[in-house]
Structures are given as C-alpha cells and as structure tokens.
Amino acid sequence: MLSILIPVYNFNCVALIEALHSQCTSEKIPFEILVLDDTSKLFKEENRAINKLDHCQYIESELHYGRAKIRNVLGQKAQFENLLFIDADALVDNNNYIKNYINVLPKADVLIGGVKYSAQVPKNNVLRWYYGTNREYQPAEIRNKIPYKSLSSFNILIKKSVFDQHSFDEQSIAPNSGYYGHEDTLLGLTFKANAIPILHIDNQLIHNSLESNQEFLKKSLVAVEKYVTNPQFQKPEVVEQIKIFKVFKKVKRFGLVGLLSFLYRKGEARMKNNLFSHSPSLRLFDFYRLSYLAYYDKKNRDQFQ
C-alpha cells in the first residue's frame, strides 16, 4: 500500500517517524517507513531508535548521495506501489494526514500535499521564515493552476510505476553544479513532458527546521549558480519555470550584467544587513540573488578571457 521514504542528514527525525507510524497503524494499512541517512555526523544514535518500530528501518549509508540520488535510492528500495517522500525536517500537525492521502489515491499518479510554516515569527532565522511563509506556502487551489511548476518534494506521493520511469535528475546536483536547488523543477518538467497527472491537495506539513539566515542565503546563492554551472538550467523550458533565471536572461539581453555585478559588489554588506534583520525585504532578497548571479556569471566569463 504505502512506502514512506525519508532522506535525513544531521537531523533528529524520531518524532516525525513516530507520528507517521501511529497514523499508518491506526489506518490498518500495509506500510513501511524507510529512513536513509546520508552520512550524517549528528543525531545518528537518536535516530537508531527508529529501528525499534514495526515496519520501520533506519539505514545508515557510507556513501554521500545528495538530494536527488538519495531519493532515487529510497524509491528503488521501496516495496509498495505508493511512494510518499517526506523531508526529515517536517512536522505532522494533522491527525488525518495519512488518511487524507489514502482518500485521494485514485485521483492522480502524483499527489502533492504542500508545505506550511508556524504562525509564530521566530526570534532568529527570520529570513527563512519570511520566505517560506510568503513564497512557499500556497493553498491547493492556487497550486493546481500551475501544477507542474508548483511541484515540491518536501511532501509528495508518487506511484512507484511512475517513479520507476521518471525519477529525480541526479545530474541537477552534480558536484560541479552545486548540491542544492531546483531538482524539483526538473522533475516537474519531466512529469509535464510525459503528461503525468498531478493533483495538489491541502495536506500540508510544517517545515520544522529553519536554517540560520547565513545558511539559507548561502544555499540560495548555490541554487542560482546553477544557471552558470549547469547548461540544462539555461534551456528555455527550464528558464521559463524559474523566475530569477527568466529575469536574468533579460538582464543579459539588455547588457546589464556588468552594472548588476557592480551593484552587488558595492552593496553586498548593506543588503545583508537588511536580510539578516528582524524585518527582511523579500524584494531586496530577490535583487540580492539576481545581482549575485550577474556577479557570478561575469566572474566566470572573465576567467576564460
């Protein structure tokens, strides 16, 4: 019936597994929960408690897989026909979470529950919370208007027969292109190209781990670097799905890369002061990433001249 697949890296996910295990047991369905640890240094002893739960496995990998490959490995290990991928830093706050998915299983090959954030503004890590609350959280009614563009692997159920044919693109996070960002975009485009039915539902999980401002900003910059380091992110169909790449393409067309690069170098510290404040501007965050992309693009081109 249901394989719940959770990649984990340096995070204590015992509470998540216990909540999922309790709901699956209550629903009286065949299930398994596979947790694959991607060479963590932290919380391994705590997570080993998962093995004490029926139908649950905590698997410790000696190889570092990365965000795409680890999900593909979990999909290959799964024994049931429905694969529910959940990020380890999720929090279940809905007692009917599993039941909600079971009720709509026949409606589409891919079901996406969505993400939400705590209503309380954190004292620290404000940038991640503001971005998630204002950009990532969307009700299913909105997401279903652009189903393939709104795809997120944070909380997604995929038929195994589909995933066996259309899995995550491991080249999207090859070492030379950074280990973070936009693998979901490529999977959505694959589903779209193959006319795989997708349905978004309001079955959100809480994003329970807010990265530090510095870590979130660092990952955000790695994600935009892909436009330069990985040619597949310059393909028109991919650019169309990623707003910042779409805007940067116009920046290049109008010859403004040098100007934006200059503005990044001169304004980086001042922009960071705002982004790391208790009231960060998301518009400034967009400009920071765009100007950094111009700087990164120009720096890479200058190296080969």
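It should be noted that the structure appears before, not after, this text.
The rules behind each value
Residues numbered from 1 in each chain as written. Predicted model: local features only at pLDDT ≥ 70, side-chain atom pairs only at ≥ 80, totals over all residues. Heavy atoms only, no water. Core = buried A, V, L, I, M, F, W, Y, C linked by side-chain atoms within 4.5 Å. Buried < 20%, exposed > 50% of the residue type's maximum accessible area, 1.4 Å probe, protein only. Helix = DSSP H or I, 4+ residues; strand = E, 2+ residues; numbered from the N terminus. Contact = heavy atoms within 4.5 Å. 1 Å grid on protein atoms, 1.4 Å probe; cavity = no way out; pocket = protein on both sides within 12 Å on 5 of 7 lines; lining within 4 Å. Points joined across faces, edges and corners; volume = space filled by probe spheres on them. Nonpolar A, V, L, I, M, F, W, Y, C, P; charged D, E, K, R; others polar. Patch = residues over 30% accessible without salt bridge, like charges linked within 9 Å, V, L, I, M, F, W, Y side chains within 5 Å. Areas by Shrake-Rupley, 256 points an atom, 1.4 Å probe, with all protein chains shown as cover. Salt bridge = Lys/Arg side-chain N within 4 Å of Asp/Glu carboxyl O. Right-handed = clockwise from strand over helix to strand, strands pointing away. Pairing = 2+ DSSP bridges. Phe/Tyr/Trp six-rings, centres within 6.5 Å; stacked < 30°, edge-to-face > 60°.

Engineer: Break down the nonpolar core for me, citing the residues and quoting the values.
Structural biologist: Buried together is how nonpolar side chains tend to be arranged in soluble globular proteins. Formed by 37 residues in total, the largest nonpolar core has its most connected members in Ile4, Ile6, Leu20 and Ile86. For this core, the elements supplying multiple residues, two or more each, are β1 (2-8), α1 (14-27), β2 (31-37), β3 (56-60), β4 (82-86) and α4 (97-103). No other element matches α1, which puts five residues into this core. Dropping the residues within four chain positions of it, Ile4 is found in contact with Leu20, Cys24, Glu32, Ile33, Leu34, Leu84, Ile86 and Ile98.

Engineer: An account of helix α8 (residues 183-193) is requested, with residue identities and associated values reported.
Structural biologist: Of all 11 residues making up α8, eight are buried, and the element is well covered by its neighbours. Buried-residue contacts for α8 involve α3 (67-77), β6 (110-112), β8 (155-159), α7 (160-163), β9 (198-200) and α10 (236-239). The positive-phi residue at the C-terminal boundary of α8 is Ala195, with phi of around 55 degrees.

Engineer: Lay out the layout of surface pockets in plain terms, naming residues and giving numbers.
Structural biologist: Space inside the second largest pocket adds up to approximately 150 Å³. Residue lining of the second largest pocket: Tyr117, Ser118, Gln120, Val121, Pro122, Lys123, Trp129, Ile206, His207, Asn208, Ser209 and Leu210, and that is the complete set. Here the residues of the lining of the second largest pocket are counted per class, giving six nonpolar, five polar and one charged.

Engineer: I'd love a proper account of a nonpolar patch on the surface, names of residues and values included.
Structural biologist: The grouping of Phe254, Leu256, Leu259, Phe262, Leu263 and Phe287 at the surface amounts to a nonpolar patch, some 550 Å² of accessible area in total. Top element by residues in the nonpolar patch is helix α12 (residues 257-275). It accounts for three residues. When its relative accessible area of 38% is taken as the criterion, Phe262 is described as partly exposed.

Engineer: Let's hear about the pairing of β2: which residues, and what values?
Structural biologist: Each regular strand shows side chains that alternate between the opposite faces of the sheet. When you tally the buried positions in β2, you get seven out of seven residues, the bulk of the element. Neither face of β2 is open: one carries Phe31, Ile33, Val35 and Asp37, the other Glu32, Leu34 and Leu36, and all of them are buried. Tracing the backbone out of β1, into α1 and back to the parallel element β2 gives a crossover that is right-handed. Direction of pairing for β2 relative to β3: parallel, over a ladder of five bridges. For Val35, the partnering residue across the bridge sits in β3 and is Tyr58.

Engineer: Before we move on, can you summarise the packing of aromatic side chains with the specific residues and values?
Structural biologist: On inspection of all chains with the given rule, the structure shows 16 aromatic pairs. Taking 5.0 Å as the distance between ring centres and 45 degrees as the angle between the ring planes, the aromatic pair formed by Phe85 and Phe163 counts as tilted. You can see Phe85 sitting in strand β4 and its partner Phe163 sitting in helix α7, a full 78 residues away along the chain. Between Tyr264 and Tyr295, the aromatic rings sit 5.1 Å apart at their centres with planes inclined by 35 degrees, giving tilted as the arrangement.

Engineer: Describe in detail the pattern of salt bridges, supporting the description with residues and values.
Structural biologist: In this structure the tally under the stated criterion is 18 salt bridges. Among the salt bridges present, the one from Glu183 reaches Arg67, with a minimum N-O distance of 2.6 Å. In this pair, Glu183 is assigned in helix α8 and Arg67 in helix α3, connecting sequence segments 116 residues apart. Judged by relative accessible area, Arg67 falls into the partly exposed class, the value being 27%. Several salt bridges share partner residues, and in doing so they unite Lys44, Glu45, Arg48 and Glu60 into one network.

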